[in-house]
Amino acid sequence: MKLVKKTVAFLLAAALCGGALAGCGPKTGDPDKTVTICLNMSDQNLFNPIIAAFEAKFADKGWKVEPTWAASGTVVDKQNTLVATRRAPSVILGGDVHLATQRRLLLPLDDLIARDDDEVQVDDFFPEVIERLRADGQTYYLSDYYQTSLLYYNKTLFDNDELAIKAALNANTANPLRAGPATTHYPAPDWNLDDLTNVGRVLTKRVGSAVTQWGVGATYGYWGEWLVHVKQAGGDVMGADGFVSLNTPEAIAGLTVFRDKALGVGSGEERWNKKISPAPGENDLGHFVGGKTAIGFSGHVGEWPTYKAMNNFNWDVEILPVGLTRREGGEFAINGYGVYKDASNPEAAWEFIKMLTGKRDSAELLNFGYLTPRKSGRDATLAVPKAERPAPQNMEAAFDSVLYGSTLPSYSYFQYVEMTIIEPSITSMLEGMPPAQAAAEATDNANKYIRTIL
Amino acid sequence: MLKRKTKQHLQFWAFILPGVTGFLWLGVYPILRSLYLSFTDRSLLYPDETKWVGLRNFSRAFQDAIVRQALSNSLVYAVSTVVLSNVIAIGAAILLTAKIRSVAAYRTVFFIPSILPAVTTVIMFRWVFDPNTGVVNQFLHTVFGIPSDNLPKWLYRSNTALLTLIIMSLWGFGGRMVIYLAGVNNISRTYYEAAGLDGANGWQQFLHITLPQLSPIIFYNVLMSTVAGFQVFTEGMVSGAANTPFYVVNLYNLAYQPPYMLGYVSALAWILFAIVLAVTGVYFFLNKKLVHYEN
């Protein structure tokens with residue numbers, strides 16, 4: 001009996017220790033033959049065929065891909081953790097937004113690109129994409145997709161008010177982009193900010209004190225929308241010196257546009273009637289996807305799969321209207337892959353990056369909410385007649401928007417400063433603080449902070 | 001053969017080794033490591049470029065306005081939740097000692113929320129306090145006739161966000177209530193009988209018997225809830241409350257957003273430790289004066 005007890009105790013202890021030890025450390029194969037990378041779990045159907053194709057192509061060398069799948073929105077966090085614990089993946093996921101922080105982790109790719117240009121075909125990428133993946137004259141990433149700001153619109157809601165919309169557009173005779181009467185009631189490249197506001201008012205419906213349909217949706221909590229208005233007004237969140245520059249007249253004018261959409265203009269009932277967007281905490285009727293918002297400003301290409309999956313959701317896109325002074329200012333964010341500087345087998349990592357960023361079926365990418373950064377992909381997409389395309393049909397706008405997009409400031413502290421210091425002032429502005437005061441407060445607080453870290 | 005005493009020693013070490021190893025590896029080492037990092041400029045992404053910076057991280061923390069604001073929010077939250085949750089927990093514990101039917105069911109119902117994951121609770125309360133569709137505003141509108149435009153925006157406004165988070169925290173008072181319940185049940189009935197004979201009413205009995213007898217437990221609960229209040233994280237991270245940064249949320253953001261300043265964050269963590277230690281010291285000082293121990 002004593003022996004049985006001892007044996008059981010030993011087996012239990014061995015099982016516990018074995019289990020604990022088995023959980024320690026990553027289960028990696030031969031580092032010289034393994035490409036490691038962190039990827040979005042929800043994109044497994046997109047990446048698994050590429051991984052299989054890579055492993056088949058390099059079966060003679062025994063190269064394998066070992067992806068670490070992470071939940072959407074946590075992929076870079078996961079990657080950072082691996083880098084911090086000296087287990088960096090051989091392929092680093094990044095892009096223009098991450099260039100400032102990741103640059104010293106990456107190998108410059110120019111020599112490899114030049115060597116393998118028959119396969120890479122770097123001229124096939126939009127030049128705007130390649131340009132934004134470079135720093136100090138070196139290219140650090142290649143891209144497989146990008147995100148861009150667009151005007152989203154619900155065609156059904158526009159059709160319901162066709163005459164009123166045309167009347168509002170035609171009343172805006174000061175719009176220099178439009179010579180003569182409006183040819184369509186849908187958003188068009190000849191729209192300016194006044195058109196957006198006027199049509200937004202037509203499409204905002206009220207029953208008593210309740211709004212039953214919003215003209216223009218709104219995005220709060222980060223820079224996604226207000227920064228577009230600031231840039232379109234000729235301002236910017238940060239200057240070339242790395243300090244916040246929201247207190248310029250141009251930036252304040254842009255913030256005022258953003259504020260007025262949500263809070264209205266004037267006072268009392270007039271103000272209420274001129275609102276075209278829900279303020280924070282106000283009923284947004286499910287935002288654009290809820291079907292009761294006529295226009296989504298800026299938006300995110302990543303949401304296309306959701307829109308596509310909805311029955312009877314009749315929608316399309318257009319390039320952003322010209323803002324207070326210009327059209328440029330929408331977001332242009334590029335996803336990219338680079339080779340980790342201390343990768344055991346950088347050649348294998350590079351080969352995998354070539355496959356990730358090679359010529360792909362652009363329609364398949366679109367199903368995952370990604371826009372191809374390659375001209376060949378664009379041409380293939382646009383070769384399909386507009387009427388035969390699934391929504392969004394106006395893919396020309398999706399590709400043209402690249403010309404008007406701008407990237408975020410390339411300072412490593414931008415995200416923290418924006419989310420932690422600037423955003424509270426934006427919130428205060430939406431609670432009633434005058435835009436100039438909010439801009440001054442944000443600029444002052446942010447620059448005080450930046451001085452402590454520079 | 002090994003001597004009996006040697007064998008006992010070996011068995012002792014064999015049994016405690018896994019626990020001690022885990023404690024040293026996962027507890028002591030990270031604490032000492034973070035102390036070291038607090039004197040460096042360690043970044044998450046560039047561990048090999050770490051440099052010793054002395055007390056610079058600490059001096060910078062005292063000039064950081066965000067740190068001050070976050071500490072202020074955490075302090076208000078901690079004080080409010082300590083007071084309110086303990087008052088409610090004591091009240092509930094006393095009510096649940098009454099001889100009523102299904103008292104065990106009530107105890108269970110009150111206790112369950114305290115074992116729910118914090119993330120679940122916060123998400124649930126985001127719905128409860130939703131300005132448009134939440135049950136709280138529906139109630140205020142329907143019962144008190146407050147017009148829709150004047151209903152509070154709760155988490156969406158700077159002036160109500162912290163209050164909403166404090167209200168949300170009270171939901172989990174059940175854990176403390178169970179401890180108070182055990183304390184109340186341990187108080188000898190003879191005290192109450194004697195006080196009753198002397199003509200003391202219920203309030204007087206509560207003030208002069210229940211509270212003093214419960215004071216060691218109050219001390220424990222207040223201490224633990226103060227520490228938890230300063231460390232509040234999930235509520236701030238998940239709720240999306242307007243303009244209400246908490247100390248530990250700011251600490252997380254500094255660590256996991258570019259430029260990933262682990263050194264500075266370690267210094268902030270040690271500053272929080274020092275604050276909590278100082279508050280605990282005050283509690284122990286007051287403990288000698290205010291807490292009643294039978295023996």
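The shown structure was predicted, so the numbers you read here are calculated from the model rather than taken from an experiment.

### Some remarks on the overall build of chain B
- When helices and strands are tallied, chain B shows 13 helices and zero strands.
- Reading chain B from its N terminus to its C terminus gives the helix and strand order α-α-α-α-α-α-α-α-α-α-α-α-α.
- For 295 residues, the compact-globule estimate of 2.2 N^0.38 gives 19 Å, and the C-alpha radius of gyration of chain B, at 24 Å, exceeds that figure by more than 25%.
- Summarising its shape, the C-alpha atoms of chain B cover approximately 80 × 70 × 40 Å along the three principal directions.
- Expressed as a percentage of its 295 residues, the buried residues of chain B come to 42%.
- Within chain B, residue pairs in contact and separated by at least 24 positions form 68% of the contacts whose partners lie at least 6 positions apart.
- Total accessible area computed for chain B in this model is approximately 16900 Å², and 68% of it derives from carbon and sulfur atoms.
- One way to put it: in chain B the 20 positive side-chain charges average out to a point 10 Å from where the 10 negative ones average out.

### Some remarks on the overall build of chain A
- Secondary structure assignment for chain A yields 20 helices and 13 strands.
- Across its three principal axes, chain A shows a C-alpha extent of roughly 90 × 55 × 50 Å.
- A burial count over chain A gives 50% of its 454 residues as buried.
- Here the analysis covers contacts within chain A between residues at least 6 apart in sequence; of these, 75% occur between residues at least 24 apart.
- Accessible surface for chain A amounts to roughly 19300 Å². Of this, 55% is attributable to carbon and sulfur atoms.
- For chain A, the distance from the average site of its 43 positive side-chain charges to the average site of its 54 negative ones is 6 Å.

### A look at the confidence of the model for chain B
- Looking at chain B as a whole, its pLDDT mean stands at 93, while 99% of the residues score no less than 70.
- This prediction of the complex comes with two scores: 0.87 for pTM and 0.82 for ipTM.

### What about the side chain of Asn253(B)?
- By the element assignment, Asn253(B) lies in helix 12 (residues 247-256).
- Residue classification places Asn253(B) among the buried residues on the basis of a relative accessible area of 15%.
- Ignoring anything within four residues of it in the chain, the contact list for Asn253(B) reads Tyr416(A) and Met237(B).

### Looking at the domain arrangement of chain A
Residue and element names in this part refer to chain A.
- The domains assigned to chain A are domain 1 (8-147 + 332-400) and domain 2 (149-331 + 409-453).
- On a C-alpha basis, the centroid separation for the pair domain 1 and domain 2 is 32 Å.
- Listed per partner, the contact involves 20 residues of domain 1 and 20 residues of domain 2.
- When domain 1 packs against domain 2, the two sides together hide about 1600 Å² of surface, and 59% of this comes from carbon and sulfur.
- When the buried surface of domain 1 facing domain 2 is broken down by residue, Gln-147, Ala-391 and Pro-392 rank first, second and third, together holding 34% of it.
- Where domain 1 packs against domain 2, one counts zero salt bridges.
- Between domain 1 and domain 2 we count eight residue pairs in polar contact (both at pLDDT 80 or more) in total.
- For the side of domain 1 that touches domain 2, the elements supplying multiple residues, two or more each, are helix 4 (99-102), strand 12 (330-339), helix 16 (362-367) and helix 18 (395-400).
- The element best represented in the side of domain 1 that touches domain 2 is helix 18, accounting for four residues.
- When the residues that make up the side of domain 1 that touches domain 2 are grouped by side-chain class, the tally is 13 nonpolar, six polar and one charged.

### Re the interface of chain A and chain B
- Across the contact, 31 residues belong to chain A and 30 residues belong to chain B.
- A combined buried area of about 2800 Å² lies between chain A and chain B, and 51% of that area is made up of carbon and sulfur atoms.
- The interface formed by chain A and chain B includes two salt bridges.
- Across the pair Arg86(A) and Asp48(B) runs a salt bridge, and its minimum N-O distance is 3.0 Å.
- Our count for the contact surface shared by chain A and chain B stands at 14 residue pairs in polar contact (both at pLDDT 80 or more).
- Mapped onto the side of chain A that touches chain B, the elements with two or more residues apiece are helix 3 (75-84), helix 4, helix 19 (414-430) and helix 20 (435-453) of chain A.
- No other element matches the eight residues that helix 19 of chain A contributes to the side of chain A that touches chain B.
- Residue classes in the side of chain A that touches chain B are distributed as 12 nonpolar, 12 polar and seven charged.

### Observations concerning the packing of aromatic side chains
- A full pass over the atoms with the stated rule returns 40 aromatic pairs over all chains.
- Geometrically, the ring pair formed by Phe39(B) and Phe58(B) is tilted, given 5.5 Å between the ring centres and 40 degrees between the ring planes. One end of the pair, Phe39(B), is in the loop between helix 1 (4-37) and helix 2 (56-63); the other, Phe58(B), is in helix 2, and 19 residues separate them in sequence.
- Take Phe58(B): its relative accessible area is 16%, and that puts it in the buried class.
- Pairwise contacts between aromatic rings join Tyr152(A), Phe288(A), Trp304(A), Tyr307(A), Phe313(A) and Trp315(A) into one cluster.
- The ring centre of Trp272(A) lies 5.2 Å from the NZ or CZ of Arg206(A), which sits over that ring.
- Just above the ring of Phe125(A) sits the side chain of Arg374(A); from NZ or CZ to the centre is 4.1 Å.

### A short note on the packing of helix 2 of chain B against helix 13 (residues 262-290) of chain B
Residues and elements named next belong to chain B.
- Closest axis-to-axis distance for the helix 2/helix 13 pair is 9 Å, and the angle between their directions is 70 degrees. With respect to their mutual orientation, helix 2 and helix 13 come out roughly perpendicular. The segment helix 2 lies against helix 13, with Asn-57, Phe-58, Arg-60, Ala-61 and Phe-62 engaging Gly-263, Tyr-264, Ala-267, Leu-268, Trp-270 and Ile-271.
- A per-class count over the contact of helix 2 with helix 13 returns eight nonpolar, two polar and one charged.

### Concerning the sheet that holds strand 11 (residues 315-318) of chain A
Residue and element names in this part refer to chain A.
- Spatially, five strands are ordered 8-9-10-7-11 in an open sheet, and the strand pairing comes out mixed. Here the strands that pair on one side only, and so sit at the sheet edges, are strand 8 (205-207) and strand 11. Each adjacent strand pair in this sheet contributes to an overall mean axis angle of 20 degrees, direction not counted.
- By the bridge criterion, two bridges tie strand 9 (residues 210-216) to strand 10 (residues 293-298) in an arrangement that is parallel. Among the inter-strand pairings, Trp-214 is bridged to a residue of strand 10, identified as Thr-293.
- Of the strands in this sheet, strand 7 (150-154), strand 8, strand 9 and strand 10 are in contact with helix 10 (residues 193-203), which crosses strand 9 at around 155 degrees.

So, how was this worked out
The written sequence of each chain sets the order in which its residues are numbered from 1. Both sets of labels track the order of writing: A upward for chains, 1 upward for ligands. Since the coordinates come from a predicted model, pLDDT governs what is reported: local features require at least 70, and pairs of side-chain atoms require 80 or more to be given and counted, while whole-chain, interface and lining totals use all residues. Only hydrogens and water are set aside when side-chain values are computed; all heavy atoms of the structure are taken into account. A run of H or I in DSSP becomes a helix once it reaches four residues, and a run of E becomes a strand once it reaches two; helices and strands are each numbered from the N terminus. Based on C-alpha atoms, the radius of gyration is set beside the globule rule, defined as 2.2 Å times the residue count to the power 0.38. Residue exposure (1.4 Å probe, protein chains only): buried if accessible area is under 20% of the type maximum, exposed if over 50%, otherwise partly exposed. Residue contacts are defined here by distance: any two heavy atoms, one from each residue, within 4.5 Å place the two residues in contact. Using the Shrake-Rupley algorithm and a 1.4 Å probe, accessible areas are obtained, with residue cover drawn only from the displayed protein chains. Asp and Glu count as negative and Lys and Arg as positive, but His and the ends of the chain are not part of the count. In plain terms, the charge of a residue is placed at NZ if it is Lys, CZ if Arg, CG if Asp and CD if Glu. For every residue, the predictor assigns a confidence score, pLDDT, that lies between 0 and 100. Domain boundaries shown here were taken from an automatic or database domain assignment. Take the accessible area each of two parts loses on contact, using a 1.4 Å probe, and add the two losses: that sum is the buried area. Whenever a carboxyl oxygen of Asp or Glu lies within 4 Å of a side-chain nitrogen of Lys or Arg, that contact is scored as a salt bridge. Polar contact criterion, stated in full: a pair of N or O atoms within 3.5 Å, where within protein one must be able to donate a hydrogen and the other to accept it, and residues adjacent in sequence count only if both atoms are side-chain atoms. Three classes are used: nonpolar for Ala, Val, Leu, Ile, Met, Phe, Trp, Tyr, Cys and Pro, charged for Asp, Glu, Lys and Arg, and polar for all others, with Gly counted as polar. Two aromatic rings, drawn from Phe, Tyr or Trp (for Trp, its six-membered ring), form a pair once their centres lie within 6.5 Å of each other, and the interplanar angle then sorts them: stacked below 30 degrees, edge-to-face above 60, tilted otherwise. Charges are assigned to positions over rings by a cutoff of 6 Å between ring centre and Lys NZ or Arg CZ, combined with an angular limit of 35 degrees from the ring normal. Axis angles are defined between N-to-C directions and span 0 to 180 degrees, where every axis is a line fitted to C-alpha atoms and, for a helix, only to the segment in contact. Note that the term roughly parallel is reserved for angles under 35 degrees, roughly antiparallel for angles over 145, roughly perpendicular for angles of 65 to 115, and oblique for everything else. Two strands make a pair as long as DSSP finds a minimum of two bridges between them.

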